[in-house]
Amino acid sequence: MKKFLIYAMMGEKMCFLHALMNALDLSESGHEVKIVFEGKSVTLPPVLTNENNPLYKKALEKGLIDGVCLACARSMGVEEEIKKLELPLLADMFNHAGVKPYTDKGYEVLTF
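Values in this document were obtained by computation on a predicted structure and should not be read as measured data.

### Regarding the overall build of the protein chain
1) Next: Looking only at helices and strands, one finds 6 helices and 5 strands in the protein chain.
2) Next: Traced from its N-terminal end to its C-terminal end, the protein chain shows the element sequence β-α-β-α-α-β-α-α-β-α-β.
3) Next: Relative to the 2.2 N^0.38 estimate, which gives 13 Å for 112 residues, the radius of gyration of the protein chain is 13 Å and therefore close to what a compact globule would have.
4) Next: If one aligns the C-alpha atoms of the protein chain with their principal axes, the spans along those axes are about 35 × 30 × 20 Å.
5) Next: When burial is assessed residue by residue, the protein chain has 41% of its 112 residues classed as buried.
6) Next: For the protein chain, the share of sequence-separated contacts (at least 6 apart) that also reach a separation of at least 24 residues comes to 75%.

Laid out in structure tokens, this is it:
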């Protein structure tokens with residue numbers, strides 16, 4: 001079993017849906033997977049929640065969503081929405097969500 005961090009940066013929903021599909025596929029194959037929203041992708045959780053996206057819902061149910069970058073959520077104006085969704089806000093790297101906590105635990109980083 002391997003460990004993968006899906007580090008989502010892009011704000012395009014289509015790109016993120018591929019990140020979700022890969023995360024679910026890897027998880028269902030027995031790998032440990034975590035998803036972190038960084039950059040423009042922080043705007044997507046409210047959108048995916050509002051449209052009841054089945055891939056996003058499944059990733060939430062499986063506990064794959066590890067958190068959202070605090071600085072980017074503030075910058076993109078979605079911090080309060082993220083809090084309402086009860087997603088963890090990550091700020092370990094200059095108020096951003098860093099990869100180091102994951103690489104220190106043996107995760108391979110995949111950036112989307």
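So much for the structure itself; the text now carries on.
### Observations regarding the environment of Val 99
1) Next: Looking at the secondary structure, you find Val 99 in the loop between strand E4 (89-90) and helix H6 (100-103).
2) Next: Looking at Val 99, the relative accessible area reads 29%, which means it is partly exposed.
3) Next: C-alpha separation for the pair Val 99 and Tyr 7, spaced 92 residues apart in sequence, amounts to 8.0 Å.
4) Next: With sequence-adjacent residues up to four places away left out, Val 99 is seen in contact with Leu 5, Tyr 7 and Val 109.

### Some details on the sheet that holds strand E1 (residues 3-8)
1) Next: With respect to topology, 5 strands assemble into an open sheet ordered E4-E3-E2-E1-E5, the strand pairing being parallel. Of all strands in the sheet, those with a lone pairing partner are E4 and strand E5 (108-111), marking the two edges.
2) Next: The pairing of strand E3 (residues 65-69) with E4 spans 2 bridges and is classified as parallel. Pairing of Val 68 across the sheet is with Leu 89, part of E4.
3) Next: Sitting on the sheet, helix H1 (residues 13-28) is in contact with E1, strand E2 (32-37) and E5, with an inclination near 160 degrees to E2.

### Examining the nonpolar core
1) Next: Counting residues in hydrophobic clusters, the biggest one holds 35 residues, and the most contacted among them are Phe 16, Ile 35, Phe 37 and Tyr 56.
2) Next: For this core, the secondary structure elements donating two or more residues are E1, H1, E2, helix H2 (44-50), helix H3 (54-61), E3 and helix H4 (70-75).
3) Next: With 7 residues, the single largest contributor to this core is H1.
4) Next: Not counting chain neighbours up to four residues away, the residues in contact with Phe 37 comprise Ala 8, Phe 16, Val 42, Leu 44, Pro 45, Tyr 56, Ile 65, Gly 67, Val 68 and Cys 69.

### Describing H1
1) Next: The first and last C-alpha atoms of H1 sit 22 Å apart over 16 residues, in line with the 22 Å expected at 1.5 Å per residue.
2) Next: Turning to H1, its buried residues are Phe 16, Leu 17, Ala 19, Leu 20, Ala 23, Leu 24, Leu 26 and Ser 27.
3) Next: Just beyond H1, the residue with positive phi is Gly 30, at close to 100 degrees.

Thresholds applied
- Residues numbered from 1 in each chain as written.
- Predicted model: local features only at pLDDT ≥ 70, side-chain atom pairs only at ≥ 80, totals over all residues.
- Heavy atoms only, no water.
- Helix = DSSP H or I, 4+ residues; strand = E, 2+ residues; numbered from the N terminus.
- Rg over C-alpha atoms; globule rule 2.2 N^0.38 Å.
- Buried < 20%, exposed > 50% of the residue type's maximum accessible area, 1.4 Å probe, protein only.
- Contact = heavy atoms within 4.5 Å.
- Pairing = 2+ DSSP bridges.
- Axes fitted to C-alpha atoms, helices over the stretch in contact; angles between N-to-C directions.
- Core = buried A, V, L, I, M, F, W, Y, C linked by side-chain atoms within 4.5 Å.
- Expected span 1.5 Å × (residues − 1).

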